[in-house]
Amino acid sequence: MSTATSSIPAATLPADATPADNRRGMLLFCLFALYGVWGSTYLAIHWALEGGCPPFLMAGVRYTVAGGILYPVLRLRGYAHPSVREWGAGALMGFLLLVVGNGSVVFAQQWLPSGLVAIVVGSVPLWASVFAGLLGQWPGRAERWGLAIGFCGLILLNLGSDLSGNLWAAFALLVGPVSWAFGSVYSRRLPLAAGLMSTATQMLTAGAMFLLVSTLKGEHLAALPPPRALLSVGYLIVFGSLVAFSAYGYLLRNARPALATSYAYVNPMVAVLLGTFLAGESLSTWGFLAMGAILGAVGLITRSKR
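Residues numbered from 1 in each chain as written. Predicted model: local features only at pLDDT ≥ 70, side-chain atom pairs only at ≥ 80, totals over all residues. Heavy atoms only, no water.

**Student:** Sorry if this is basic, but what is going on with the overall build of the protein chain here?
**Tutor:** Helices and strands together make up the secondary structure of the protein chain, namely 12 helices and zero strands. Mapped from its N terminus to its C terminus, the protein chain presents α and β elements in the order α-α-α-α-α-α-α-α-α-α-α-α. Split into buried and exposed, the 306 residues of the protein chain put 53% on the buried side. In the form shown here, the protein chain has an accessible surface area of approximately 14000 Å², with 69% of it arising from carbon and sulfur atoms. (Helix = DSSP H or I, 4+ residues; strand = E, 2+ residues; numbered from the N terminus. Buried < 20%, exposed > 50% of the residue type's maximum accessible area, 1.4 Å probe, protein only. Areas by Shrake-Rupley, 256 points an atom, 1.4 Å probe, with all protein chains shown as cover.)

This is how it looks when you write it as structure tokens:
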């Protein structure tokens, strides 16, 4: 299977570099991208929406531009043109991960704080463990405890006032992580394109679907967004999509699922801190208790030997 490192000429590598060193370095870079960059994208989405960017139009532009940059670069580097089956698999993954998974985040952040949204999205490993069980890999004892604690955390969010701002936003925010988790687990059974070309097909097809939804909803820009909103959209395109989403795809193909979803440890804390200090957001006591429960549950699940 092609990867981002497979097409690097040997002459560009240090003399003492080995394939194992390169792979380890790539894994560490991908984890850094997920931990740091994805945790900050919630604040970028908040600023873009605050600046007047319509949610689905913004998401459509984000993924269409990112995919439109990545696809020709990969073709120039020798990646094969995806087959019809690979485009279809990419479209399914784009729908599950980006349109439903990330679209729910963009939709919910119109009413809910970015830190709270990140906490709920942090439940992805819980749902991934459930779907892995349904596909034949049932969780062990530690994972079962993790599932129980994690779902208690989601109940805490509902018992408090944190998710009471908008019923549809809360519903979308609960559906999004389920769709993302199912897509992540099911991805290994799909005939996806090789390497980063899979990421490009997902972003291009998802971008088209977002723009279709935006058109059907009649979204449009009432005025040119302020510089901070435009810079936020640019940050989402370059770092949130080209860098971080590509890194996530690499981890799904080359690392254990537990490692690929371990970003759920860090993202909520990064998002809460950035939202608190840069956007004036705050969490209730219920919210902090829920964050502790969900992060503890993710820890049990990802540390399990299974």
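**Student:** Got a minute to help me understand helix 8 (residues 196-217) in this structure?
**Tutor:** A turn of α-helix holds 3.6 residues, and therefore any two residues three or four places apart point the same way. The terminal C-alpha atoms of helix 8 lie 32 Å apart, and with 22 residues this matches the ideal 32 Å at 1.5 Å per residue to within 8%. After helix 8 finishes, the residue Gly-218 shows a positive phi value of roughly 75°. (Expected span 1.5 Å × (residues − 1).)

**Student:** Is there a simple way to think about the packing of aromatic side chains in this case?
**Tutor:** The geometry of an aromatic ring pair comes down to the distance between the two centres and the angle between the two planes. The final tally for this structure, using the stated rule, is 13 aromatic pairs. Ring centres of Phe-131 and Phe-182 lie 5.3 Å apart, and the angle between their planes is 70°; on these two criteria the pair is classed as edge-to-face. Taken as a pair, Phe-131 in helix 5 (residues 124-134) and Phe-182 in helix 7 (residues 167-186) lie far apart in primary sequence, 51 residues in all. A ring pair is formed by Trp-180 and Tyr-248, whose centres lie 5.4 Å apart and whose planes are at 40°; its orientation type is tilted. Taken together, the residues span a long stretch of sequence, with Trp-180 in helix 7 and Tyr-248 in helix 9 (residues 227-254) at a distance of 68 residues. You can call Trp-180 buried: its relative accessible area is 8%. Tyr-248 gets classed as buried once you look at its relative accessible area, which sits at 0%. (Phe/Tyr/Trp six-rings, centres within 6.5 Å; stacked < 30°, edge-to-face > 60°.)

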